[in-house]
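# An overview of the molecular structure
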There are 2 protein chains.
Amino acid sequence: MLVNWRIIGSMTTMNHKPDYEKELRDAGVRITRPRRVILDILTATEDHPDAMEIFRRAVSVDSSISLSTVYRTMKLLEERGTIHRHAFNGGPSRFEQASGAHHDHLIDIETGDVIEFRSDRIEKLQEEIARSLGYDIVHHRLELYGRKRQAK
Amino acid sequence: MLVNWRIIGSMTTMNHKPDYEKELRDAGVRITRPRRVILDILTATEDHPDAMEIFRRAVSVDSSISLSTVYRTMKLLEERGTIHRHAFNGGPSRFEQASGAHHDHLIDIETGDVIEFRSDRIEKLQEEIARSLGYDIVHHRLELYGRKRQAK
DNA sequence: CAAAATTTTGCAAATGCTTGTCAACTGGCG
DNA sequence: CGCCAGTTGACAAGCATTTGCAAAATTTTG
C-alpha cells in the first residue's frame, strides 16, 4: 500500500539541529545569556510549548530571566522565520522550530497533545483551490481537532 | 470539467435565513431588545465581523447596547452551535453564521477579505489521515492565507 | 584592556480582547 | 398588571502579550 501521508512526530529531531547562535550572530543580533538559554531550550524541544512554559524551563536554568525576554526572543525568531507560532483553539501561542519540513497538526482535544503529519495530496489540493480562486498561497494552517478512537 | 470544489462566497444567503428568535425562544432563552438587535445584525451579515464591529453596528440601531452584551450573546450563540468563532492570524475572534454547510476559508493577507470554499476531496483526505492516526475528527480548521495573483 | 557606543534586559505599567460582578431592569408567564 | 428569574449596562478584573525606561550587558573603538 502506498503511504501518501505519514506521522512525523519526531520530525524536529529528524533534521539537523540548526545553529541558532551562528545564524543570529551573522544577522547582527547579540547573543546574550538569556537568549542563549532560550535558544538551547528551543533546540532541545520536541513539543509545542507556549511562552509561559518556555519561561519556566528557562528559569530553571537561569532564574534571572524574565518573561518579557522570552516574548521578545520569540518575536525576534518568528520575524526571522526561525520558529512558527500557533494558536490552537484560540489559546496562548505555542511555538515550534521552523527547521523541519512543513507539516500540519492533529490536536488531541482531550489531552492537548499535538501530532504532526503531512499529506502531499492535501498540499496539492490547496494549491489548486487557491489558484482557481485567483490567489497564491503565502502560508496556510490545517488543524484537525480529534479524540482518540476507542479500541473496540 | 468536473468541479470538485467551489466558491461559496454567498453561502450564508444561499441558505434560508435561520429564525434565531424562534430557535432561542424554544430553548427557553429570553428575547430581549439587545439580543434582537444583535440577532438581526447577524442574520443580515455576509462577512465575518469581530465583536467590536458587531458592537458598532448594534450601537447604530440602539445606542444603549453594551459591548459586554455583544460578547455574552456571541458566547451564547457559540455554545448553542448557532455561530462559529474564528481567530484568523491570532487576531480578535470573528464570527459567522453556522447555518450554512461546512466550509473552509481563504484569507486575503492584504485586505483581510475572507473567501469561503469547500473541497470534498480535502474533507475526505482529512478523515483518512485522522483515522490512520487513530483519531476521530471532532472539528477542523483549514485556512489558506494568500495574495491575489497579479493579472499579468 | 578600558571607555564609548549600542543593544538588550528586567521590571512595572500599559494594552487589547474577553469575562466576571452586581445593582438595576425587564421579558413573559400567571 | 405584578412578580421574579433571567438580563443588562457599567465597570472592574483577567489573560496573554507588548512596551517604556533606567540599569546592565555586549560589541566596538581607541
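To be clear, the structure that these remarks concern was listed above.
Reading the values: rules and limits
- Residues numbered from 1 in each chain as written.
- Chains lettered and ligands numbered in written order.
- Predicted model: local features only at pLDDT ≥ 70, side-chain atom pairs only at ≥ 80, totals over all residues.
- Heavy atoms only, no water.
- Helix = DSSP H or I, 4+ residues; strand = E, 2+ residues; numbered from the N terminus.
- Buried < 20%, exposed > 50% of the residue type's maximum accessible area, 1.4 Å probe, protein only.
- Contact = heavy atoms within 4.5 Å.
- Areas by Shrake-Rupley, 256 points an atom, 1.4 Å probe, with all protein chains shown as cover.
- Salt bridge = Lys/Arg side-chain N within 4 Å of Asp/Glu carboxyl O.
- Least-squares fit on C-alpha atoms with pLDDT ≥ 70 in both.
- Near = heavy atom within 4 Å.
- Polar contact = N/O pair within 3.5 Å; in protein donor to acceptor, adjacent residues only side chain to side chain.

### Focus: the overall build of chain A
A count of helices and strands for chain A gives 6 helices and 6 strands. Per-residue burial over chain A gives 44% buried out of 152 residues. In chain A, 53% of the contacts between residues at least 6 apart in sequence involve partners at least 24 apart. Entry remark: accessible area of chain A is about 8,300 Å², with carbon and sulfur atoms responsible for 50%.

### Let's talk about the pattern of salt bridges
Residue and element names in this part refer to chain A. For the coordinates displayed, the defined rule picks out 26 salt bridges over all chains. A salt bridge links Asp47 to Arg57, with the shortest nitrogen-to-oxygen separation between them at 2.9 Å. Placement of the pair is Asp47 in the loop between helix H3 (33–44) and helix H4 (51–59) and Arg57 in helix H4, with a sequence separation of 10 residues. On the basis of relative accessible area, Asp47 is assigned to the partly exposed category, the value being 36%. By relative accessible area, Arg57 is classed as partly exposed at 23%. Residues joined by salt bridges that share partners form a network here, namely Asp47, Glu53, Arg56 and Arg57.

### A few points about the relation of the copies chain A and chain B
With an RMSD of 0.1 Å, chain A superimposes on chain B once it is rotated by 179° and translated 0.0 Å along the axis. Here the transformation between the copies is reduced to the relation of a two-fold axis. Closest approach to the rotation axis within chain A is made by the C-alpha atom of Leu142 of chain A, at a distance of 2.2 Å. Mapped onto chain B, 100% of the interface residues of chain A again fall at the interface, so both copies present the same surface.

### What to know about the protein's contact with DNA strand C
Lining the immediate environment of DNA strand C, one finds 20 residues, of which Arg35, Ser64, Thr69 and Arg72 of chain A together with Tyr71 of chain B sit closest. The share of sugar and phosphate among atoms of DNA strand C within 4 Å of the protein is 63%. Contact between DNA strand C and Thr32 of chain A: a phosphate oxygen at 3.0 Å from a side-chain N or O atom of the residue. Among the elements of the structure, H3 and helix H5 (67–79) of chain A together with helix H5 (67–79) of chain B are those that each provide at least two residues to the surface near DNA strand C.

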